[in-house]
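Residue-level structural notes
The primary structure of each chain is shown beneath.
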Amino acid sequence: MKKVLSINSGSSSLKISLFAMPLEKRLAKIMVDYSAEAKQLVTIKLPQKSLVAEHYTEKATPVELALKLLKKYQVIAADQEIAAVGHRIVAGGELFHQSTEITPGMLCKLESINELAPLHNPANVAGIRDAQQLLPDCPQIAVFDTAFHTDLPPENFLYALPMEYYRKYKVRKYGAHGTSHRFVAQQAATMLHRPLNELKLITLHLGSGASMTAIKNGKSCDTSMGFSPLTGLMMSTRSGDVDPSVLVYLLKHHAFANMDECMRILNQRSGLLGVSEASSDMREIEREAEIDPQAALAVKMFVKRICDYIGAYWLELGGADALVFTGGIGENDSHLRELVSQRLQCLGIEFQSAQNQRRDLPFDFATAASRARLLVIPTDEELMIARDAYKLITAKQLI
């Protein structure tokens, strides 16, 4: 048994899980929220125990706090018990097509493409440097969200722009959430008792960030997010697809001062929040939708854009064996799943309303006669990271 640490570093929080591999047993799950300046809120979940929350005001990095908690609750006795650390990296561009060991040269290359995901990659890199300093003798592995989408055919990843922009600047669709889409696709194959390389799947990662992927024979062949995680579906605070001429028009009319402000609005003030003008949380919006037409409109727009992409991917794949709902909304919002499923009946997709209310994930809520299964599968990006890290260090005999 080897202990593998999975780290998902964000701009305001850090998620860490420790796994016993290859058993894939989660030994602990830690969340560090450092959005407040004065203190850090740290929660730890241990098997068969309730969630424990603690506040820290000491000057310690999030990874350092996580390691202290693992020792405090006797999950590990010493840092040396950790055989490898896997890191989630949002954007790998065209430089990184698969999970890879982190070396000084690799880290320099990674920092050179920070602008592909300016809200995420710098935080990911900070988490790497923190872990390297605290665990200097431990192999560090980068697992890229974009890696799953690197095999997209050129007709799906290129934009209809002058080709020199791709050749010179590598402007193309990179996608995101690949670690999640890859994980639930593997779980779907297990549920369906069929090899993944024989399946056609449409995976819906619906959360604060939302994306969809068309998967054929185990590979991503199209995905909704593009050059950045901003495009595609309507999201909690991100706009999703917008006609670029709208932005030029608004800039000319001084709706915002410059492109930096424009990007802030598209990323932080749009989507469900922008349309509802009430909340970015789908749970709150659905409650308000009963009395507020604007909140109801936000829900309708969210559902419509999901169905637009389902229609496109249904044609791309030539039908699908299953649609897979995952992410915070996809896993927990039965009402949203029903609204989407109601619009799919023209494709021969039929659902069971009572089955859709189940809470014991994973489950299938399609009828026996449905042309595609409707699966609800909890995502586990941290486990996917641990799998990749363990596989790589085992293959390279780093343990």
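Here the residue index of a chain counts from 1 through its sequence in written order. It should be noted that, the model being predicted, local features are given only for residues of pLDDT at least 70 and side-chain atom pairs only at 80 or more, the latter also being counted only at that level, while totals for whole chains, interfaces and linings use all residues. Excluded from the side-chain calculation are hydrogens and water; included are all heavy atoms of the structure.

**Quick look at the overall build of the protein chain**
Along its length, the protein chain carries 14 helices and 14 strands. A radius of gyration in this sense is built from C-alpha atoms; the matching globule rule multiplies 2.2 Å by the number of residues raised to 0.38. Compactness check: the protein chain gives a C-alpha radius of gyration of 21 Å against a globular reference of 21 Å for 399 residues, within 12% of the reference. Seen through its C-alpha atoms, the protein chain measures out along the principal axes to roughly 55 × 55 × 45 Å. Buried residues are those whose accessible area, probed at 1.4 Å on protein chains only, stays under 20% of the maximum for their type, while exposed residues exceed 50% and partly exposed ones sit between those limits. With 399 residues in all, the protein chain has 52% of them scored as buried. Put simply, of all contacts in the protein chain between residues at least 6 apart along the chain, 59% involve residues at least 24 apart. In this charge count, Lys and Arg are treated as positive and Asp and Glu as negative; neither His nor the chain ends contribute. By convention, the charge on Lys lies at NZ, on Arg at CZ, on Asp at CG and on Glu at CD. Side chains of the protein chain carry 44 positive and 44 negative charges; the gap between the two charge centres is 3 Å. Helix numbers and strand numbers start at the N terminus; a helix is a DSSP run of H or I with at least 4 residues, a strand a run of E with at least 2. Only heavy atoms matter for contacts: two residues are in contact if any of them lie within 4.5 Å across the pair.

**A look at the packing of aromatic side chains**
Two rings from Phe, Tyr or Trp (for Trp, the six-membered ring) form a pair when their centres sit within 6.5 Å of each other. Planes less than 30 degrees apart are called stacked, planes more than 60 degrees apart edge-to-face, and all others tilted. What the rule picks out here adds up to eight aromatic pairs. An aromatic cluster of at least three residues, connected via ring pairs, comprises Phe325, Phe351, Phe363 and Phe365. For a ring to carry a charge above it, either NZ of a lysine or CZ of an arginine must fall within 6 Å of the ring centroid while also lying within 35 degrees of the normal to the ring plane. Lying over the aromatic face of tyrosine 166, lysine 170 brings its terminal NZ or CZ to 5.1 Å of the ring centre. Over the face of the ring belonging to phenylalanine 365 we find arginine 337, whose NZ or CZ atom lies 5.8 Å from the ring centre.

**Some points on the sheet that holds strand S8 (residues 140-144)**
Think of it this way: DSSP has to see at least two bridges between two strands before they count as a pair. What the eight strands build is an open sheet, ordered S5-S4-S3-S2-S1-S6-S8-S7; its pairing is mixed. Of all strands in the sheet, those bounded by a partner on one side alone are strand S5 (52-56) and strand S7 (100-101). Note on definitions: angles span 0 to 180 degrees between N-to-C directions of axes, and those axes are lines fitted to C-alpha atoms, for helices only across the stretch in contact. Packed onto the sheet, helix H1 (residues 62-72) meets strand S1 (2-9), strand S2 (13-21), strand S3 (25-33), strand S4 (40-45), S5 and strand S6 (82-89) and runs at close to 135 degrees relative to S3.

**Examining helix H13 (residues 334-342)**
Buried residues of H13: Ser334, Leu336, Arg337, Glu338, Val340 and Ser341, and no others. N or O atoms within 3.5 Å of each other form a polar contact, as long as, within protein, one can give a hydrogen and the other can take it, and as long as residues adjacent in sequence are counted only when both atoms are side-chain atoms. The N-terminus of H13 is capped by aspartate 333, whose side-chain oxygen sits 3.2 Å from the backbone nitrogen of histidine 335.

**Some words on the nonpolar core**
For our purposes a nonpolar core is just a set of buried Ala, Val, Leu, Ile, Met, Phe, Trp, Tyr and Cys residues, chained together by side-chain atoms within 4.5 Å. Counting 43 residues, the largest nonpolar core has Ile202, Ile306, Ile310 and Leu323 as the members making the most contacts within it. Of all the elements in the fold, those that place two or more residues in this core are strand S9 (200-206), strand S10 (210-216), helix H10 (282-288), helix H11 (293-317), strand S12 (322-326), H13 and strand S14 (373-376). Counting residues per element, this core draws most heavily on H11, which supplies twelve residues. Residues in contact with leucine 323, not counting those within four places in the same chain, are Ile202, Leu204, Ile310, Trp314, Leu344, Ile349, Ala372, Arg373, Leu374 and Leu375.

**Focus: the pairing of S1**
In terms of burial, S1 is a largely internal element, seven of the eight residues being buried. Bridge count for S1 against S2 is eight bridges, and the pairing is antiparallel. Following the sheet pairing, lysine 3 is matched in S2 by alanine 20.

**Overview of the packing of H11 against H13**
Axis separation between H11 and H13 bottoms out at 9 Å; the angle between their running directions is 50 degrees. In this view, H11 runs oblique relative to H13, as classed from their interaxial angle. Judged by the sense of rotation from one axis to the other, the crossing of H11 with H13 is right-handed. Residues Val299, Phe302, Val303, Ile306, Cys307 and Ile310 of H11 touch H13, and the partners they reach there are Leu336, Leu339 and Val340. Throughout, the ten residues Ala, Val, Leu, Ile, Met, Phe, Trp, Tyr, Cys and Pro are labelled nonpolar, Asp, Glu, Lys and Arg are labelled charged, and all others, Gly among them, are labelled polar. Class assignment for the residues of the contact of H11 with H13 results in nine nonpolar, no polar and no charged. Angular relationships are summarised with four words: roughly parallel below 35 degrees, roughly antiparallel beyond 145, roughly perpendicular across 65 to 115, and oblique for the angles in between. For any pair of crossing helices, the crossing counts as left-handed if the nearer helix is rotated counterclockwise from the farther one by less than a right angle, and right-handed if it is rotated clockwise.

Structural measurements only, silent on function.
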